[in-house]
Structures are given as C-alpha cells and as structure tokens.
Amino acid sequence: MKVRIKFSKYGPVKFIGHLDVMRYFQKAIRRAEIDIAYSEGFSPHPVMSFASPLSVGHTSQGEYFDIEANSFTSEEDLLQRLQGAMVEGFTVSAVKLLPEGEGNAMASVAAASYFAAFKKNLELPEKWQESLQAFYQHSYIPVTKKTKKGEKEINLKESIYDLEIRENMFTDRDSHLEEGVYMLLNASSGGNIKPGFVLACFFNTLGYVLPERGLSIHRIDTYKNLGNETNRKLAPLIWEK
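Residues numbered from 1 in each chain as written. Predicted model: local features only at pLDDT ≥ 70, side-chain atom pairs only at ≥ 80, totals over all residues. Heavy atoms only, no water.

Draft legend 1. Representation of the overall build of the chain. Along its length, the chain carries 5 helices and 11 strands. Here the chain has a C-alpha radius of gyration of 19 Å; the compact-globule value for 241 residues is 18 Å, and the two agree. Counting across all 241 residues of the chain, residues that qualify as buried make up 46%. Restricting the contact set of the chain to residue pairs at least 6 apart, pairs at least 24 apart contribute 71%. With an accessible surface of roughly 13,400 Å², the chain has 49% of that area assigned to carbon and sulfur atoms. Across the chain, the mean location of the 29 positive side-chain charges is 4 Å away from that of the 30 negative side-chain charges. (Helix = DSSP H or I, 4+ residues; strand = E, 2+ residues; numbered from the N terminus. Rg over C-alpha atoms; globule rule 2.2 N^0.38 Å. Buried < 20%, exposed > 50% of the residue type's maximum accessible area, 1.4 Å probe, protein only. Contact = heavy atoms within 4.5 Å. Areas by Shrake-Rupley, 256 points an atom, 1.4 Å probe, with all protein chains shown as cover. Lys, Arg positive; Asp, Glu negative; His and termini not counted. Charge placed at Lys NZ, Arg CZ, Asp CG, Glu CD.)

Draft legend 2. Up close: the nonpolar core. Grouped together as the largest cluster of nonpolar side chains are 36 residues, with contacts concentrated most on Phe118, Leu156 and Leu199. Looking at this core, the elements with two or more residues in it are β5 (111–119), α4 (128–137), β8 (160–167), β9 (175–186), α5 (195–204) and β10 (215–225). The dominant element in this core, judged by the number of residues it contributes, is α5, at 5 residues. Counting residues in hydrophobic clusters, the runner-up holds 25 residues, among them Ala32, Ala69, Leu82 and Val92. (Core = buried A, V, L, I, M, F, W, Y, C linked by side-chain atoms within 4.5 Å.)

Draft legend 3. Structural context of helix α2 (residues 75–84). Considered for burial, the residues of α2 that qualify are Leu78, Leu79 and Leu82. The buried residues of α2 occupy an angular sector of 100 degrees when the element is viewed end-on, so they sit on one face. Next to the buried residues of α2 lie β1 (2–9), α1 (18–31) and β4 (90–97). (Arc of directions from axis to C-beta.)

Draft legend 4. Quick peek at α4. Taken together, the buried positions of α4 are Trp128, Leu132, Phe135 and Tyr136. Across the axial projection of α4, the buried residues extend over an arc of 95 degrees, all falling on one side.

Draft legend 5. Summary view of the packing of α4 against α5. Here α4 crosses α5 at 105 degrees, and the two axes come no closer than 10 Å. Of the possible angle classes, the one that applies to α4 and α5 is roughly perpendicular. Mapping the contact onto sequence places Trp128, Ser131, Leu132 and Phe135 in α4 and Leu199, Cys201, Phe202 and Phe203 in α5. Classifying every residue of the contact of α4 with α5 gives 7 nonpolar, 1 polar and no charged. (Axes fitted to C-alpha atoms, helices over the stretch in contact; angles between N-to-C directions. Parallel < 35°, antiparallel > 145°, perpendicular 65-115°, else oblique. Nonpolar A, V, L, I, M, F, W, Y, C, P; charged D, E, K, R; others polar.)

Take a look at the structure:
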C-alpha cells in the first residue's frame, strides 16, 4: 500500500539539507512504529520517495513524500503517530492512502508555489513593483540557465505560471513586513525553476544585483498536473476529487 505524507519545515531546521531530512523521517517512522516496507538486497532501506528537495534555508508548508506500507490502520492514526514523533520545526499535516496505480511523489511534481520576502536593510530600486509587473507581462524573457550539461538559453516566461505582489505572509524576523512576491513556477524534473533565480533575473534587467542571501523564501505547496501542458489543471499532491 502506498501512503503519501504532507509536512511543513520551518524554524532552525530550514538549514538542514535534503539528505538529512530523509534520514530524519526514516528514524521518525521507526519511532512511530509504522509498518513500512523495506527494499531487498544486501542493504535494505525503507521504501520512501520525496517529491521535490527543498533548498537549504527555505521554509515550507507543502512538502511531500510517499512510503510503501505493509499494513495500514487509518489515515488519522498514521497522522497522529507520525506527528507524535516530530521535533520542533517539522509538522505532519496530512496523510493519504493512494489509489492503485497512482504515480510516486517525485514523478508527479509539475509545479510549486512560493512566497519570497526581501530581507531587511535591502535598498531595492525605486518602483521595483511596477517594473516587476511589466517584466511578467513580457511574452518572451530570454535568460541563461545552468544545467548539468552546461548552460542553455530558455524563455523564462514559459516556466512562470503566475506572479504577483502580495502582502507578506512571513513571520520571519529578517524579512520586510509590508509585501513580497508570490510565484507559481514549473517544478517538473525537466523544467524546474527556482524563485530566487526568477527574481535575480528580473533585478538584473534593472542593473541591480540581488544579494545571495537577500530573500526569505517559503514554499506554499507542491502540485501535480491533472490536465496537460496546453490545459493545465494543477492540484496539490494530496487533493480531494
């Protein structure tokens, strides 16, 4: 049986990398006494699949991973047992028994939504908000993206599904209180775009270099595509029909 789990990551644990997060949940599942399946071979390990690694330093309320379970009580029971094994900085918010034939979390990812707030004491260009809105209205935004095979030019606009300025949803003490940028971006394996990259490309058009640690970024949710590329229908990885 395949079970999908949704969790949040916040506070000091935002500085823990993806591999350590995986190890943490392997231990948490043992503490919660969940009957997880193990791989075969000389070095068996729990059968788990994480949806999309979160960049170090980012917070999130929309992280997902799948497990294979040998036995299953109920979604509520697993949620309570897992949440009881969490430490501060991790919260399990949903558990879903997946239907037969459902793709794994990693392969299902099509998009992700983010909120980016600017760190305090940044002197941003005047009227950057109006410039950002004009930037998003372009039908073609050529940028150079680094890949495993080198660099290639892409049309960034094709990977930005939505972008707008919103009131700040952060409680991060290092970010501005007034406003930030909401983004819905391509997060698929073939076209993954990071929110920091989008804003760095935008500010480059203004002749401004965004500092490497100038943003506080929060992932809101991760989505699968229930439609197709021409008629996109995005839904969270745990969703109700």
